[in-house]
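# Results of the structural survey
Letter by letter, the chains look like this.
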Amino acid sequence: MNFPGGVWPVMLTPYDEAGKVDYEALSGLVDWYIENGVNGLFAVCQSSEMFFLDLEERVQVAKAVVKAAGGRVPVIASGHVSDSLEEQIHELNEMGRTGIDALILITNRLASEEEGDETWMNNCSRLIEGIDAEIPLGFYECPYPYKRLLSIENLKTCAETGRFYFIKDTCCDIELIKERLEVVRGTDLKLYNANTTTLLESLQFGAAGYSGVMANFHPRLYSYLCDHSGEKGDKVAMLQEFLTLASLIERQCYPVNAKYYLQEFERLGMSTISRTKDHELLTSTFKAEVHMLESMTRRYEQKYLGADQIPANQDPCRQ
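What comes next concerns the included structure. Everything numeric here is computed off the predicted structure, so don't read it as measured data.

### Some thoughts on the overall build of the chain
Counting its secondary structure elements, the chain contains 12 helices and 8 strands. The C-alpha radius of gyration of the chain comes to 19 Å, within 12% of the 20 Å expected for a compact globule of 319 residues. The principal-axis extents of the C-alpha atoms in the chain amount to approximately 55 × 50 × 35 Å. Scored against the burial criterion, the 319 residues of the chain give a buried share of 56%. Counting only contacts in the chain whose residues sit at least 6 apart along the sequence, the fraction spanning at least 24 positions is 73%. The distance from the centre of the 30 positive side-chain charges to the centre of the 48 negative ones in the chain is 4 Å.

Here's what the structure looks like:
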């Protein structure tokens, strides 16, 4: 299994006005991601509100994403949210039968915040033994309910098993990222950075790509950054600066603001309903900030991509 580098958005879960998963909107969202140049899809993650979906919903969401993607890009998923390892193994095996290309293990599920790295590694080994040996694996350092960063020693041990191909890195520390890249070099495990501030430098040191929240707003700009990270000069650095400042909108009212962006400007038929945050918290001021982000996004897309690379329904000059 060779996962492509580039952009892997952490997918949203659309809901209808009654709060049920909107599978028609989900299919449209998959098309939007792919039409905007992503290289893979990370379904059933924190942005997907996995802790607020029951097992049946998590499984059905993964199946729906696989079906909508139709082999155009690989699909990975997580969704083991239980506390006991036995229940997690059941959840992961159910997810593994959905047709996804890899199962992504949530690092904070394998030990409590008070438990050490040895306990974590022992639990990881037990989990791996209980999962179908044929399915590729990966890691996600999910920040909820607490952030569990992989130790260098445990990362090295896991990489050397040959079972792991993907890590969504959330350490936000370029020196640690460099150390991790050295550890996984020569193995099948690829690092995808979730943090925009350190993204360009991490790509230059060998990171495979980006897997983060802001691919729900402007994935094409992240694709450009990934594709041109080796270029010298100010052009790529200026894009990195814009993307970093733009990423601060995540602290505003996410994922509601991302759903609003997609509804308002990408014309996707999805509501702003969320199970993790009251959509009414998206105030008129917050909406104004989203509008300003959209305006700046279009300007940067014109500058970096050119009108011929922007889908007609997204180009203000063609509307």
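Here the narrative resumes.
### Quick notes on the pattern of salt bridges
For the structure shown, the criterion picks out 17 salt bridges. Taking the shortest distance from any N to any O, the salt bridge between Arg72 and Asp31 comes out at 2.7 Å. Here Arg72, found in the loop between helix H2 (55-69) and strand S3 (75-77), pairs with Asp31, found in helix H1 (residues 23-35); they are 41 residues apart in sequence, far enough to count as distant. A salt bridge links Arg126 to Glu86; the nearest nitrogen and oxygen atoms lie 3.3 Å apart. Taken as a pair, Arg126 in helix H4 (residues 117-129) and Glu86 in helix H3 (residues 85-96) lie far apart in primary sequence, 40 residues in all. The partly exposed category is assigned to Arg126, whose relative accessible area is 44%. One salt-bridge network, in which partners are shared between bridges, spans Glu266, Glu294, Arg298 and Glu301.

### A word on helix H8 (residues 219-227)
Burial within H8 is extensive, with 8 of its 9 residues counted as buried. In the core, the buried residues of H8 are packed alongside strand S1 (6-7), H1, helix H7 (199-204), strand S8 (209-210), helix H9 (234-246) and helix H12 (284-304).

### Overview of unusual backbone geometry
Following Tyr144, the chain continues to Pro145 via a peptide bond in cis, the omega torsion being 0°. Mapping Pro145 onto the fold places it in the loop between strand S5 (137-140) and helix H5 (152-159). Here the residue pair Tyr254 and Pro255 is connected by a cis peptide bond, since its omega of 10° sits within 30 degrees of zero. When you line up the elements, Pro255 lands in the loop between helix H10 (250-253) and helix H11 (256-264). Located in the positive-phi region is Cys172, a residue other than glycine, with phi close to 60°. Here Cys172 is to be found in the loop between strand S6 (164-169) and helix H6 (174-184).

### Concerning the state of the cysteines
For the coordinates displayed, the defined rule picks out 0 disulfides. Among the cysteines around Cys158, which has no disulfide bond, Cys124 carries the closest sulfur, lying 4.1 Å off. With relative accessibility at 1%, the residue Cys158 sits in the buried group.

### Let's talk about the sheet that holds S6
Spatially, 8 strands are ordered S1-S8-S7-S6-S5-S4-S3-S2 in an open sheet, and the strand pairing comes out parallel. Whereas interior strands pair on both sides, the edge strands pair on one side only; in this sheet they are S1 and strand S2 (41-43). When S5 meets S6, the two strands line up parallel, connected through 4 bridges. Across the sheet, the residue bridging to Gly138 is Phe166, located in S6. In this fold H4 packs onto strand S4 (102-106), S5 and S6, with an angle of close to 140° to the strand it touches most, S5.

### Focus: the pairing of strand S7 (residues 190-193)
As paired strands, S6 and S7 are joined by 4 bridges and run parallel to one another. Among the inter-strand pairings, Lys168 is bridged to a residue of S7, identified as Tyr192. With respect to chirality, the unit in which S6 leads through H6 into the neighbouring parallel S7 is right-handed. By the bridge criterion, 2 bridges tie S7 to S8 in an arrangement that is parallel. Residue Asn193 lies in a different strand from S8, and its bridge partner there is Tyr210. Crossover connection from S7 via H7 to parallel S8: handedness right-handed.

### Re the layout of surface pockets
For the largest pocket, the calculated volume is near 740 Å³. Lining the largest pocket are 31 residues, with Gln46, Pro143, Val213, Glu250 and Tyr254 positioned closest to its centre. Taken together, the residues that form the lining of the largest pocket break down as 15 nonpolar, 10 polar and 6 charged.

### Here we look at the packing of H8 against H12
Relative to each other, H8 and H12 sit at 40°, their axes nearing to 10 Å. When the interaxial angle is binned, H8 and H12 end up oblique. At the point where H8 passes H12, the crossing takes the left-handed sense. Here Arg220, Leu221 and Tyr224 of H8 come into contact with H12, specifically with Thr297, Tyr300, Glu301 and Tyr304. Counted by class, the contact of H8 with H12 contains 4 nonpolar, 1 polar and 2 charged residues.

Parameters and conventions
Residues numbered from 1 in each chain as written. Predicted model: local features only at pLDDT ≥ 70, side-chain atom pairs only at ≥ 80, totals over all residues. Heavy atoms only, no water. Helix = DSSP H or I, 4+ residues; strand = E, 2+ residues; numbered from the N terminus. Rg over C-alpha atoms; globule rule 2.2 N^0.38 Å. Buried < 20%, exposed > 50% of the residue type's maximum accessible area, 1.4 Å probe, protein only. Contact = heavy atoms within 4.5 Å. Lys, Arg positive; Asp, Glu negative; His and termini not counted. Charge placed at Lys NZ, Arg CZ, Asp CG, Glu CD. Salt bridge = Lys/Arg side-chain N within 4 Å of Asp/Glu carboxyl O. Disulfide = S-S within 2.5 Å. Pairing = 2+ DSSP bridges. Axes fitted to C-alpha atoms, helices over the stretch in contact; angles between N-to-C directions. Right-handed = clockwise from strand over helix to strand, strands pointing away. 1 Å grid on protein atoms, 1.4 Å probe; cavity = no way out; pocket = protein on both sides within 12 Å on 5 of 7 lines; lining within 4 Å. Points joined across faces, edges and corners; volume = space filled by probe spheres on them. Nonpolar A, V, L, I, M, F, W, Y, C, P; charged D, E, K, R; others polar. Parallel < 35°, antiparallel > 145°, perpendicular 65-115°, else oblique. Left-handed = near helix turned anticlockwise from the far one by under 90°.

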